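Fold and geometry: a report
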Protein chains: 2
Amino acid sequence: MAALSERQLVRRLSERFGSRAPGIQLGIGDDAAVLSASAAAPPGASWVASVDASVQGVHFDLRYATLEDVGYRAFQAAASDLAAMGAAPVGALSALVLPRGMSSVAIDALTVGQQTASVECACPIIGGNISRGGELSITTTVLGRADRPLSRTGARPGEQVWLIGALGLAGAGFACLRVGSTGDALGGCVQAWRRPRALLEAGLSLVGRASAAIDVSDGLAADASQLARASGVQIVIERDLLRATFDSRLIGASRILRRSPMHFALLGGEDYALLATGPALKRPLGAVAIGHVRRGQGAVIATGAHRAPLRGGYDHLKRTR
Amino acid sequence: MAALSERQLVRRLSERFGSRAPGIQLGIGDDAAVLSASAAAPPGASWVASVDASVQGVHFDLRYATLEDVGYRAFQAAASDLAAMGAAPVGALSALVLPRGMSSVAIDALTVGQQTASVECACPIIGGNISRGGELSITTTVLGRADRPLSRTGARPGEQVWLIGALGLAGAGFACLRVGSTGDALGGCVQAWRRPRALLEAGLSLVGRASAAIDVSDGLAADASQLARASGVQIVIERDLLRATFDSRLIGASRILRRSPMHFALLGGEDYALLATGPALKRPLGAVAIGHVRRGQGAVIATGAHRAPLRGGYDHLKRTR
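Below: a short report on this structure.

1. Regarding the interface of chain B and chain A
Contact with chain B, which involves 66 residues of that partner, is made by 66 residues of chain A. Of the roughly 5100 Å² buried at the junction of chain B and chain A (both faces included), carbon and sulfur atoms supply 54%. Where chain B meets chain A, there are zero salt bridges. On inspection of chain B and its partner chain A, the count reaches six residue pairs in polar contact (both at pLDDT 80 or more). Of the residues contributing to the side of chain B that touches chain A, the split by class is 31 nonpolar, 20 polar and 15 charged. In terms of strand pairing, strand S3 (residues 46-55) of chain A meets strand S2 (residues 33-36) of chain B through four bridges, oriented antiparallel. The residue bridging A:Val48 from the neighbouring strand is B:Val34, located in S2(B).

Below, the structure is given as C-alpha cells:
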C-alpha cells in the first residue's frame, strides 16, 4: 500500500472516477451514492442492479493480463449484465480488495482500466469500497434502468435464436496466451480476451423485439443451456448457421492452435456476446439467427436432422481460468 | 465446495433468499435484479446505493465469530450505510468469494446469518454473485430510497452533535474475545460485536431534522473527523456528555479489561451507532446531544474549556482487526 492511507486513496479515486453525470446527486466520499430517481429512471421504468466479482487466480492471472486489463475486463463483465437485460447504464459501485504491499502505481493501473471501461460504457463509477486483503479482487455493482427488462425466462417454441457479437475470440485469445503464441495473426483474439466490450447498444436494440436474452460469459453451450432451463424450452443451435458467424481472426487463431473454432465458440466464454430469442420478423439489425426454440429441454446442436446435447462451459466454483 | 456446483448453490441461495417483496420484479437467477421504480421509489425520492466488503483476516477472524455471525455482521455493516443516509432499504445484492474446500454446511451457516440480518433489516437479498477464491469475502451492495438523503456535508456552526445508539460496546466485546474473557459480565459486549444492528429506524427519524449524518463504523474519533472534514467545520465532543451515554455493560467490561470506557467509545468502531448534527430544537427522540459544531476543522474532545484533538480510529488499509 506504500504511503497511501485509506483516505488518501479514496480521495485519489474520487478524483479519477468523480465524473458528474445526470441524476447523480452524490458520488464517492459519503456513506452512499445518491441518484435522483426521476432523472435516472423516468416513471414506468424499472431499476436493474447486478454485481460481478473478478478474483485473482480465478478470473484472471497477471501472467496474461496487465492490471489495467484486469480493471477494464472486470468492469465490462459487470456492464454486460446490463446489456443482457436491455438496460441503459446509470452508474456503478466498485469494491476493491487490495493485497498488502500493492503499490500506488499498481492501484493506478487497475483503476485506470476501470475508468476507461466506465467511460466507454457511459456508466460512471459513483461509489465503492476499499479494503485490504490477501488476494486482489474487484467487485463491480452496476445500476441501470430499463423500460422493458429482458429476462431469461421468455423464450417460446417457434422463435428464432439470435446471436449478437462474435463468439470464441476471447477463448482463443486466452488459449494463445497460455501456450505463449501471441504473434500478429493472434493479436485480434488476444485483444478480444484482454479488452472485451459489453454490448450495451445491442442490448437496447433487443428491447421490444426479443423474448429473452442472456450474455455469453461462460460459453455458448453453458449459457444456451441456462436460457433453455430458465424458459422451460429447448434451444437448438444449428451448426452451419453458427459456423457462418465465425470471425476470420477466430478461424486463423484456431488453425495455429490446432483446435476447432467450434470448440472456442461453444466452450470459450468471456466474449460477452448476447444470445437472445424472438420472432423471426422482429430480429433487429446486427442480430444473426443461429437456431430456433422448440418444446423440450436443454440446449442442443443440430447438424441436419442430427441433434447432440450441448454440455460444458465454465463453472466458477470448479475450475480456474 | 464439496458436491455443490455453482448452479446448485445459486438454486439453494435463491430458495433461501428468494423472498418476494414489493417492487421486486425479478430476483436471484437472472442476469440482474429488476425493481419497479415507481413501487420502490415514489416520484421525487432518490435512490441510494452503497457497497461494503467483509474480508477474512481483515474484517473478521473465525476464531472470534461463527460463520453465521460473519454473514450477519457483513449484512448489517452494509445496511448501516443506508441508516446514515436516512434511507429506507429496498434490496441487497450479495457477492460471495468462497474458499476452495468450504463445505456446504459452512456456506449454509454464512448465508443463514446474511438472511437473518436481511429479514431484520426488511432488506431482501435480490441478487448476487458467487465465486471461488483463496479467502472468504462477503461484498454486500445495499439499495435504498430516500426522500431527503442525509449527507456528511451539511453540518453548520452552532448546531448540536447528536448520538443515536451505544458506543464502545462492540470494541470492548472484541477486546474481550481477544483476551479470552467472555464471562457473563462481558456477554453483552461480545454480543454487540457479533450481532451489531444497523439503526435504520433511527436513520429515518433524522430526516428533516439532521443537517448531516454518518454511521460510526471506525470509532467516534475517526468518524467525527470525517464528518468535520466533509462539512468544513469543527466537531466538538463534550467529554462529560459523551461519558453520560455509556452503557453499563461497557463500564463493566472496561473494568474487567482494565481499560477506560472512553478508549472503546472513541476508538472502538463497529458499533454502527449514528452521529448526526442539527439544530437543538429539531433533535429527535432517542438522539442524545454530545457536543456542538463550530467554525474550524477536525474533531476535538472538550473537558471544560480544554480541547484536545481526536485522532485514531480504524484505517481499513493499515491495520487488521
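Now that the structure has been shown, the text picks up again.
2. Remarks on the relation of the copies chain B and chain A
With an RMSD of 0.0 Å, chain B superimposes on chain A once it is rotated by 180° and translated 0.0 Å along the axis. Look at the turn and shift together and you get a two-fold axis relating the two. Here 98% of the contact residues of chain B are again contact residues in chain A; the copies associate through an equivalent surface.

3. Regarding the sheet that holds strand S8 (residues 212-216) of chain A
Residues and elements named next belong to chain A. If you walk across this open sheet you meet the seven strands as S8-S10-S7-S11-S9-S12-S13, and the pairing is mixed. The sheet is open, and its two borders are formed by S8 and strand S13 (306-309), each paired with just one other strand. Within the sheet, the average angular offset between the axes of one strand and its neighbour, ignoring direction, is 30°. Alignment of strand S12 (residues 298-303) against S13, held across four bridges, turns out to be antiparallel. Of the residues in S13, the one forming a bridge with Val300 is Pro309. On the sheet, helix H3 (residues 67-84) packs against S8 and strand S10 (273-278) and is oriented at approximately 165° with respect to S8.

4. Considering the side chain of B:Ser225
Residue and element names in this part refer to chain B. Of note, Ser225 is situated in helix H8 (residues 220-231). A polar contact of 2.7 Å, which involves the side chain of Ser225, links it to the backbone oxygen of Ala221. For Ser225, the residues in contact, after removing those within four places along its chain, are Leu220, Ala299 and Leu310.

5. Quick notes on the pattern of salt bridges
Residues and elements named next belong to chain B. In total, this model carries 18 salt bridges over all chains according to the counting rule given. One salt bridge connects Arg194 with Asp69, and the closest N-O pair in it is separated by 3.5 Å. One end of the pair, Arg194, is in helix H6 (residues 187-194); the other, Asp69, is in helix H3 (residues 67-84), and 125 residues separate them in sequence. Note on Asp69: relative accessible area 6%, which makes it buried.

6. Some words on the packing of aromatic side chains
Here the structure, examined in full by the defined rule, presents five aromatic pairs over all chains. Lying over the aromatic face of A:Tyr72, A:Arg195 brings its terminal NZ or CZ to 4.7 Å of the ring centre.

Criteria and cut-off values
- Residues numbered from 1 in each chain as written.
- Chains lettered and ligands numbered in written order.
- Predicted model: local features only at pLDDT ≥ 70, side-chain atom pairs only at ≥ 80, totals over all residues.
- Heavy atoms only, no water.
- Contact = heavy atoms within 4.5 Å.
- Buried area = accessible area lost by both parts, 1.4 Å probe.
- Salt bridge = Lys/Arg side-chain N within 4 Å of Asp/Glu carboxyl O.
- Polar contact = N/O pair within 3.5 Å; in protein donor to acceptor, adjacent residues only side chain to side chain.
- Nonpolar A, V, L, I, M, F, W, Y, C, P; charged D, E, K, R; others polar.
- Pairing = 2+ DSSP bridges.
- Helix = DSSP H or I, 4+ residues; strand = E, 2+ residues; numbered from the N terminus.
- Least-squares fit on C-alpha atoms with pLDDT ≥ 70 in both.
- Axes fitted to C-alpha atoms, helices over the stretch in contact; angles between N-to-C directions.
- Buried < 20%, exposed > 50% of the residue type's maximum accessible area, 1.4 Å probe, protein only.
- Phe/Tyr/Trp six-rings, centres within 6.5 Å; stacked < 30°, edge-to-face > 60°.
- Lys NZ or Arg CZ within 6 Å of the ring centre and 35° of its normal.

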